[in-house]
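The primary structure of each chain is shown beneath.
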Amino acid sequence: MSNLISNLTSDQNVKQQDTKRILAKKAAEREVLKENRRKERAEKLKERTYVEEFDRGVYDIKNPNTYEIMLKKGLNEEIVREISSIKNEPDWMLEKRLAALKIYHKLKNPNWGPDLSELNMDEIATYIRPKAQMESNWQEVPDEIRRTFELLGIPEAELDYLSGVGAQYDSEVVYHNMKDYLALQGVVYTDFESAVEQYPEIIQEYFGTCLKPNLHRYSALHYAVWSGGSYVYVPEGVHVDIPLQSYFRMNAPGAGQFEHTLIIVEKGGSLHFIEGCSAPRYNTINLHAGGVELFVKEGAKLRYSTIENWSRNMYNLNSKRAIVEKDGVIEWISGSFGSRVSMLYPASILIGEGARSEFTGITFAGAGQTLDTGAQVVHKAPHTYSTVETKSISKGGGKAIYRSLVQVDEGAYGCKSNTDCQSLMLDAQSRGDTIPTIILKNDDVDFGHEAKIGRIDDQAIFYLMSRGLSEEDAKAMIVRGFAEPVAKELPLEYAVEMNELINLELKGAIG
Amino acid sequence: MTNVNIKVKELRGNTLPALTWNWMNVNDVKIDLQNKQKIPYTAMQGVGKIDQELKQTFYDLDHGISEEVMLMNDEQCNLANHWRISDSEPIEVRLPQSAGNPLLVDQNQIVVPPLQKGTIVLYNYSEDDSRVERNSTILVDVKNDAAVNVVLIQRLNEKSVSNVSIVARVGDGARLNLATVELGAGNTVFHYMVDMEGFGAESHVKTAYLGSGNNHLDLFYHVRHIGEECISDIQVNGALMDHAVKKFRGTIDFVEGCSGSDGNEEEYTILLDDTVRSIAVPLLLAHEDDIVGNHAASAGQIDDEQLFYLMSRGLSRKESEGLIVESRMTPTFDQIPNEELRLDLRKEVHARILRR
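Before going into details, it helps to say that this report is about the structure given with it. Quick caveat: nothing in here was measured; it's all calculated off a predicted structure.

1. As for the overall build of chain A
A tally of regular secondary structure across chain A gives twelve helices and 25 strands. In chain A, of all internal contacts separated by at least 6 residues, the share reaching a separation of at least 24 is 84%.

And the structure:
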């Protein structure tokens, strides 16, 4: 008996030793494999060099900080009242501002998304009036301000490709002009203050109805201290054949820009509106909390393009929202390149049957940037269609986050929605997250969502190199190709500008 | 019978690893565990002895559905199992619940030693139509070069509540295949979290579900790629009818250093009624560039052409629908070793669609 037991145990011992031997062998093999695979991967990824900061050329030109009025930093009722009285506003507007301020104080920073704790309203001046009057003659804009815009290519663009231009410098619009033939057709393109004065009924009817002050904390802030911005009215059946552009430039350090844009495109009308933003780099935090309200009526079409290149000290907490009626079309083109932190999710509310929304966006996050961008679509009516196509690129430790919502409501049958988001990461320090939400409340929907994240495809590089391109050129070409869907939606000169921005960003990142 | 001392206003759990807009109500989910008593479970005797050290290790890794639910699981535990899986016949564990066994609070440890392979099936079902609750934790430890198939089947009745948390760890060259079938319970909260720590570790998840009546399903997956060259996929297929609500919330997390990893998640929902709610939050979090991550979610009605084809072969509309839904679930059902059980599940899916 004892013999049997000892036999058994020795059997077990042999078995255990076998297992140990096999495991040790496997582990050794694995170490070799690991090393080999690491080498292979490292070869594929090749050494990269990084450029931390680079000269952004014309975007970084600073003007001396001269101004006519600069409200003291911080936010309270007194400051809000002061802004309103400087602007000589009607009482209803002041009431709206004060109501929004109350909402602002009640709301907290979101518990999701990028960290906003560094943003301190006590350090931000909410209103800065430049030393300039609003002009419609470019030559009368003060030299210094004019030079900045000229370097950014604004009036040139007006002469060649645009039917109207507005330019905002810090808190006030310094220039607004539109081609005469459009005015004759009843098109209105003006700064927002003039609109409040000249079209009080329309503004009172529409202001704050699409984008509500209680949407989030920074939308409330926007309504409390808004200043500047544009108002566009396109009458029934009028096609504005060449784009209108507003350009927002922030020069002062430690300031906020809170422009309000309201666009109404009446039945059957069409418009392409371009928004450009930039600011020189400072070491203090700047805040941009603009508000965009778009009303697209029956059968109307609006294309809203933004190329945003804020400097890396900017918190860009902008809110954009469009309400689209029957058979109307909203097209968003959105390029986010600048800012330290961005939270930007243009929303399309499709309330009429057959309404359509198309969103095309690109986000490029470099060192020190957290760009949390995306889109929201709410299908509220039957047979509404939406597409979302986004590209995110992150490098040098930048964080690019894609966040979205597609919601199909009860009774909104026969809807189609398609989302395609791709993220490209150029190095191991960077982050690329995708956070989409899909809510379907009826069964008659055709819904698709696809996302892809990762490195540049080796096979694509190999293919291009086999065609005679250097590895650097091949990679750069792939990134440009990646951005192509956005570039092709822009007017040529803006596409060129965007490509230049990408080249600037890519400098040193690849190769 | 003693009342367990747990004071929580409202239990919530399955919190997303990256939060998003609160108003959408997808960041977490309400947990409906009403039974706060400690009562015995009589349908099965515990197997093996719980390894406390292992339990702590996993507790440090992840809190399952939520810390409170884990705590309740600890205090109310009425069934404890510890399995060491070795190359042998599949283990099938039946966990029936009924008026006599209204509460099942089980702790399970599944340890797969190096080089071993095995299969374990946990089958939880209602025997009558009384309301029952389950709060379960399952720890899976897959050592180097081992492989395990874990199959979870849930068929509680519509009044009942099912809460299952799986926390797993996968070693070098090891593989975890998880198949889950959710066919019942008015309120289902499922939590899967895996740390793929080893080089070349793999996690493959297949889920099949059918939501009917007022069922509320919350399916939560969190797959973390930690080791190099890890491979993961999540495939969730199911159908919704009546007033059923389904939330799919899957995250593939590429942790810094998981170079060469590849992660995929795919979710497909068939919508059978216009009163259903289908919510999907497929997250990809990447802290590493040398990876490939994909996700795809789609939802819609049954393809007309497929229906037409089947109906042209003489099947009724409902028969055809049943067949199509069943076919989407087949890859998951195929993971079940017991053929009889497999057939049984197929039949139930079919019957429920026919009854519609």
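2. Structural notes on the packing of aromatic side chains
With the rule as written, the count across this model stands at 15 aromatic pairs over all chains. With a centroid separation of 5.4 Å and 25° between ring planes, the pair formed by phenylalanine 273 of chain A and tyrosine 304 of chain A is classed as stacked. You can see phenylalanine 273 of chain A sitting in strand E10 (residues 270-278) and its partner tyrosine 304 of chain A sitting in strand E13 (residues 301-309), a full 31 residues away along the chain. Neither phenylalanine 273 of chain A nor tyrosine 304 of chain A differs from the other in exposure class; each is buried. A centroid spacing of 5.8 Å and a plane angle of 40° characterise the contact between tyrosine 221 of chain B and phenylalanine 248 of chain B, whose relative ring orientation is tilted. Of the two residues, tyrosine 221 of chain B is situated in strand E15 (residues 216-225) and phenylalanine 248 of chain B in strand E17 (residues 245-254); the sequence distance between them amounts to 27 residues.

3. Observations concerning the pattern of salt bridges
With the rule as written, the count across this model stands at 40 salt bridges over all chains. For glutamate 77 of chain A, the salt bridge goes to arginine 81 of chain A, with nearest N and O atoms at 3.0 Å. Taken together, the positions of glutamate 77 of chain A and arginine 81 of chain A, both in helix H2 (residues 77-86) and four residues apart, correspond to about one turn of that helix. When the shortest N-O distance is used, the salt bridge between lysine 55 of chain B and aspartate 74 of chain B registers 2.7 Å. Placement of the pair is lysine 55 of chain B in helix H1 (residues 52-61) and aspartate 74 of chain B in helix H2 (residues 67-76), with a sequence separation of 19 residues. Residue classification places aspartate 74 of chain B among the partly exposed positions, given a relative accessible area of 40%. What you see here is one network of salt bridges that share partners, running through Lys26 and Arg30 of chain A together with Asp145 and Asp172 of chain B.

4. Concerning the side chain of asparagine 81 of chain B
Residues and elements named next belong to chain B. The residue asparagine 81 is located in strand E5 (residues 79-84) in this model. Overall, the relative accessible area of 0% leaves asparagine 81 in the buried class. Within the structure, the side chain of asparagine 81 is placed 2.8 Å from the backbone nitrogen of valine 47, a separation counted as a polar contact. In this view, asparagine 81 contacts Met44, Gln45, Gly46, Val47, Ile50, Gln107, Asn108 and Gln109; residues no more than four positions away in its chain are not counted.

5. Thoughts on the interface of chain A and chain B
Listed by partner, the interface residues are 52 residues for chain A and 51 residues for chain B. When chain A packs against chain B, close to 4400 Å² is buried across both sides, 53% of that on carbon and sulfur atoms. Looking at the side of chain A facing chain B, the largest losses of area belong to Arg30, Arg41 and Asp443 of chain A, adding up to 15% of the total buried there. As a salt-bridge pair, arginine 38 of chain A and glutamate 228 of chain B come within 2.4 Å of each other at their nearest N and O atoms. Elements supplying a minimum of two residues to the side of chain A that touches chain B: helix H1 (2-45), strand E22 (399-408), strand E24 (431-440) and strand E25 (445-454) of chain A. Broken down by element, the side of chain A that touches chain B gets its largest block of residues, eleven residues, from H1 of chain A. When grouped by side-chain class, the residues that make up the side of chain A that touches chain B number 19 nonpolar, 14 polar and 19 charged. In this structure, E25 of chain A lies alongside strand E20 (residues 292-300) of chain B, joined through nine bridges in antiparallel fashion. By the bridge assignment for E20 of chain B, glycine 454 of chain A is matched with valine 292 of chain B.

6. Points about the packing of helix H3 (residues 304-312) of chain B against helix H4 (residues 317-333) of chain B
All names here are of chain B. Where H3 meets H4, the closest approach of the two axes is 9 Å, and the angle between their N-to-C directions is 125°. Here H3 is positioned oblique relative to H4, judged by the angle of their axes. Crossing of H3 over H4 shows right-handed handedness. When H3 is examined against H4, the residues Gln306, Leu307, Leu310 and Met311 are found in contact with a partner set consisting of Arg317, Ser320, Glu321, Leu323 and Ile324. When grouped by side-chain class, the residues that make up the contact of H3 with H4 number five nonpolar, two polar and two charged.

7. Regarding the packing of H4 of chain B against helix H5 (residues 339-354) of chain B
Residues and elements named next belong to chain B. Close contact between H4 and H5 brings their axes to 9 Å; oriented N to C, the two are set at 145°. Crossing handedness for the pair H4 and H5: right-handed. Of H5, the residues touching H4 (which contributes Lys318, Glu319, Glu321, Gly322, Leu323, Val325, Glu326, Met329, Thr330 and Phe333) are Arg342, Leu345, Arg346, Val349, His350, Ile353 and Leu354. Residue composition of the contact of H4 with H5, grouped by class: eight nonpolar, three polar and six charged.

8. Overview of unusual backbone geometry
The backbone of histidine 383 of chain A shows a phi angle near 50°, a positive value even though the residue is not glycine. Structurally, the position occupied by histidine 383 of chain A is in the loop between strand E20 (370-379) and strand E21 (385-394). Using a relative accessible area of 30% as the deciding quantity, one classes histidine 383 of chain A as partly exposed. The phi dihedral of glutamate 229 of chain B is positive, around 55°, even though this residue is not glycine. With respect to the helices and strands, glutamate 229 of chain B occurs in the loop between E15 and strand E16 (231-240). With relative accessibility at 14%, the residue glutamate 229 of chain B sits in the buried group.

9. Considering the pairing of strand E8 (residues 117-126) of chain B
Each regular strand carries side chains that alternate between the two faces of the sheet. All names here are of chain B. Within E8, nine of the ten residues are buried, leaving the element largely enclosed by the surrounding structure. Where strand E6 (residues 91-97) and E8 come together, seven bridges link them in parallel fashion. In the strand pairing of E8, glutamate 92 is matched with valine 121. Inspection of the sheet shows E8 paired to strand E10 (residues 147-155) by nine bridges, in the parallel sense. Within E10, the residue paired with tyrosine 123 across the bridge is isoleucine 153.

Rules behind the numbers
- Residues numbered from 1 in each chain as written.
- Chains lettered and ligands numbered in written order.
- Predicted model: local features only at pLDDT ≥ 70, side-chain atom pairs only at ≥ 80, totals over all residues.
- Heavy atoms only, no water.
- Helix = DSSP H or I, 4+ residues; strand = E, 2+ residues; numbered from the N terminus.
- Contact = heavy atoms within 4.5 Å.
- Phe/Tyr/Trp six-rings, centres within 6.5 Å; stacked < 30°, edge-to-face > 60°.
- Buried < 20%, exposed > 50% of the residue type's maximum accessible area, 1.4 Å probe, protein only.
- Salt bridge = Lys/Arg side-chain N within 4 Å of Asp/Glu carboxyl O.
- Polar contact = N/O pair within 3.5 Å; in protein donor to acceptor, adjacent residues only side chain to side chain.
- Buried area = accessible area lost by both parts, 1.4 Å probe.
- Nonpolar A, V, L, I, M, F, W, Y, C, P; charged D, E, K, R; others polar.
- Pairing = 2+ DSSP bridges.
- Axes fitted to C-alpha atoms, helices over the stretch in contact; angles between N-to-C directions.
- Parallel < 35°, antiparallel > 145°, perpendicular 65-115°, else oblique.
- Left-handed = near helix turned anticlockwise from the far one by under 90°.

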